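Tertiary structure, described
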Amino acid sequence: MTRRAVVIGAGHYLPERIVENAEFEATLETSDEWIRSRSGIERRHFAAEGETTSQMATRAAEAALKSAGRTAEDVDAIVLATSTADLTFPSAATMVQSQLGMTKGFAFDVQAVCAGFVYALSNANALIASGQADRVLVIGAETFSRIMDWSDRSTCVLFGDGAGALLLEAQEGAGTPEDRGILATDLNSDGRYKDLLYVDGGVSTQSTGHLRMQGNQVFRHAVEKLASTATTALERAGASTDDVDWIVPHQANIRIIQGTAKKMGLPMDKVVVTVQDHGNTSAASIPLALSVGVERGQIKPGNLIVTEAIGGGLAWGAVVLRW
Ligand code: UT7
């Protein structure tokens, strides 16, 4: 028998304010047509003034717990992927822990930018597989609107805010690819590419900073690295692309999503796409897409799912799981 981390609940939260592409036309030399055709993005949500990453994460966690029919009492650990925590410390995860009313267990943040949720899932899987936790809330939550340079049209039109969460539970599997739960993970990073996507500020440089990106350079790495990590994770899971029911990719750009699916030999009707409505929500994009995919009736129990993401670092990776 093999201890598996099985998804038993999913939920998400999106801030109320929706900003359509056309809104940017008032302040920037840009157009709805450019944003739509180059990225696939049509609109995004922005957090309200004073609304924080941990608050959004808590709403998503509550929705995941509700969908699983569980309460915060049942949770042993929280792993929260974010690059936009409320404060330098403590972690946003401990803030979620207190907002959920949890008085036991442990909580920590994972920072791998847009690949953060894949890293967090991999960490949570290890906690469950090693017997350190039976139930883990894995959350991706971001307020990227706080680190935008609103005069930089090449970045500020691409990102959005939001949160998504999964509740994982330890269950016994047979040790085959037919098991429910996380079947394999693959993580990578290459710091030589740190200048392609970064924030030009931080604690030790005494500023908050703004996101800077050489978009077309990141794009060049994305399709190849994403298809490669997804294929590696599938091989590790003992599965092939023929077995895949859904790719749930990081939602940065529809052209990257299409290119990756094509390279893997999978049609777009096997891909969950939310980039048009959410923009790029960094570590929140995969759990948001998973939760929306369930809500739409796309993702069903027993489905084989591949998630893959790439972002600042560069850091990238994939997780194969059976829903
Ligand atoms: O999630 C983390 C990982 N990040 C990503 O995956 C993002 C990867 N990159 C991308 O998604 C794309 O590279 C972008 C959407 C950022 C840009 O698309 P692109 O096809 O690579 O365009 P580009 O950067 O090569 O720019 C083409 C032109 C430039 O003008 P010139 O130099 O050709 O005259 C830009 O200045 O488009 C211009 N441009 C804009 N025009 C109108 C850049 N941003 C805008 C804009 N509106 N908002």
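Conventions and cut-offs
- Residues numbered from 1 in each chain as written.
- Predicted model: local features only at pLDDT ≥ 70, side-chain atom pairs only at ≥ 80, totals over all residues.
- Heavy atoms only, no water.
- UniProt positions renumbered as here; feature names shortened; annotations may be inferred.
- Near = heavy atom within 4 Å.
- Polar contact = N/O pair within 3.5 Å; in protein donor to acceptor, adjacent residues only side chain to side chain.
- Areas by Shrake-Rupley, 256 points an atom, 1.4 Å probe, with all protein chains shown as cover.
- Helix = DSSP H or I, 4+ residues; strand = E, 2+ residues; numbered from the N terminus.
- Domains from an automatic or database assignment.
- 1 Å grid on protein atoms, 1.4 Å probe; cavity = no way out; pocket = protein on both sides within 12 Å on 5 of 7 lines; lining within 4 Å.
- Points joined across faces, edges and corners; volume = space filled by probe spheres on them.
- Nonpolar A, V, L, I, M, F, W, Y, C, P; charged D, E, K, R; others polar.
- Salt bridge = Lys/Arg side-chain N within 4 Å of Asp/Glu carboxyl O.
- Buried < 20%, exposed > 50% of the residue type's maximum accessible area, 1.4 Å probe, protein only.
- Contact = heavy atoms within 4.5 Å.
- Expected span 1.5 Å × (residues − 1).
- Pairing = 2+ DSSP bridges.
- Axes fitted to C-alpha atoms, helices over the stretch in contact; angles between N-to-C directions.

The protein has the name Beta-ketoacyl-[acyl-carrier-protein] synthase III in an unreviewed UniProt entry, where Tritonibacter mobilis F1926 is given as its organism. Checking UniProt for the protein, the heading Pathway (unreviewed entry) contains the comment "Lipid metabolism; fatty acid biosynthesis." A UniProt comment under Subunit (unreviewed entry) is attached to the protein, and it reads "Homodimer."

Concerning the site of the ligand
Around the ligand sit 23 residues, and of these Thr-30, Arg-38, His-250, Asn-253 and Asn-280 come closest. Between the ligand and Gly-215 there is a distance of 3.0 Å, counted from a nitrogen atom to a backbone nitrogen or oxygen. Within the side chain of His-250, an N or O atom sits 2.8 Å from an oxygen atom of the ligand. In isolation the ligand exposes 940 Å². Once the protein is present, 73% of that is buried. In terms of residues, the shell around the ligand owes the most to one element, helix 6 (residues 215–237), which gives four residues. Both domains that meet at the shell around the ligand, namely domain 1 (2–173) and domain 2 (181–322), each give it at least three residues.

Some words on the layout of surface pockets
In this structure, the largest pocket encloses a volume near 880 Å³. Residue lining of the largest pocket: 32 residues in total, with Ser-83, Thr-84, Ala-85, Gln-111 and Thr-208 positioned closest to the centre. Counting residues per element, the lining of the largest pocket draws most heavily on strand 9 (residues 197–199), which supplies three residues. Lining the second largest pocket are 28 residues, with Leu-158, Met-213, Gly-215, Phe-219 and Asn-253 sitting closest to its centre. At the level of secondary structure, the elements contributing two or more residues to the lining of the second largest pocket comprise helix 1 (32–39), helix 5 (153–156), helix 6, helix 7 (254–264) and strand 12 (304–311). When grouped by side-chain class, the residues that make up the lining of the second largest pocket number 15 nonpolar, 10 polar and three charged. Counting residues domain by domain, the lining of the second largest pocket receives three or more from each of domain 1 (2–173) and domain 2 (181–322).

Digging into the pattern of salt bridges
As a working rule, side chains carrying opposite charge can pair if their charged atoms are close by. Here the structure, examined in full by the defined rule, presents 18 salt bridges. One salt bridge in this structure joins Glu-169 and Arg-135, with 2.7 Å as the shortest N-O distance. Linking Glu-169 in strand 7 (residues 161–173) with Arg-135 in strand 6 (residues 135–143), this pair joins segments that are 34 residues apart in sequence. The same class applies to Glu-169 as to Arg-135, namely buried. Three or more residues joined by partner-sharing salt bridges are found here, namely Glu-20, Asp-32, Arg-36, Glu-42, Arg-43 and Asp-277.

What to know about the domain arrangement of the protein
Often, the extent of an interface is quoted as the loss of accessible area upon association of its parts. Taken domain by domain, the protein comprises domain 1 (2–173) and domain 2 (181–322). For domain 1 versus domain 2, the separation of C-alpha centres amounts to 14 Å. With 51 residues of domain 1 at the contact, the number on the domain 2 side is 48 residues. Where domain 1 touches domain 2, the interface holds two salt bridges. One salt bridge in this structure joins Asp-277 and Arg-43, with 2.6 Å as the shortest N-O distance. Of all the secondary structure elements, the ones that give two or more residues to the side of domain 1 that touches domain 2 are strand 1 (2–13), helix 1, strand 3 (43–46), helix 4 (116–129), strand 6 and strand 7. With eight residues, the top contributor of residues to the side of domain 1 that touches domain 2 is strand 1. Class assignment for the residues of the side of domain 1 that touches domain 2 results in 26 nonpolar, 16 polar and nine charged.

Section: helix 4
When the terminal C-alpha atoms of helix 4 are compared, their 20 Å separation across 14 residues agrees well with the 20 Å that a helix rising 1.5 Å per residue should span. Within helix 4, 11 of the 14 residues are buried, which leaves the element mostly enclosed by the surrounding structure. Looking one or two residues past helix 4, Gly-131 carries a phi angle of roughly 85 degrees, positive in sign.

Re the sheet that holds strand 4 (residues 77–81)
Sheet architecture is open: five strands sit in the order 1-7-6-4-5, paired in mixed fashion. Every interior strand has two partners, whereas the edge strands, strand 1 and strand 5 (106–110), have only one. Here the average twist between neighbouring strands, direction ignored, is 20 degrees. Note: strand 1 against strand 7, 11 bridges, orientation antiparallel. Note that in strand 7 the partner of Ala-10 across the bridge is Leu-166. Those strands touched by helix 3 (residues 92–99) are strand 4, strand 5 and strand 6, and its axis lies near 140 degrees from that of strand 5. Those strands touched by helix 9 (residues 285–295) are strand 1, strand 6 and strand 7, and its axis lies near 80 degrees from that of strand 1.

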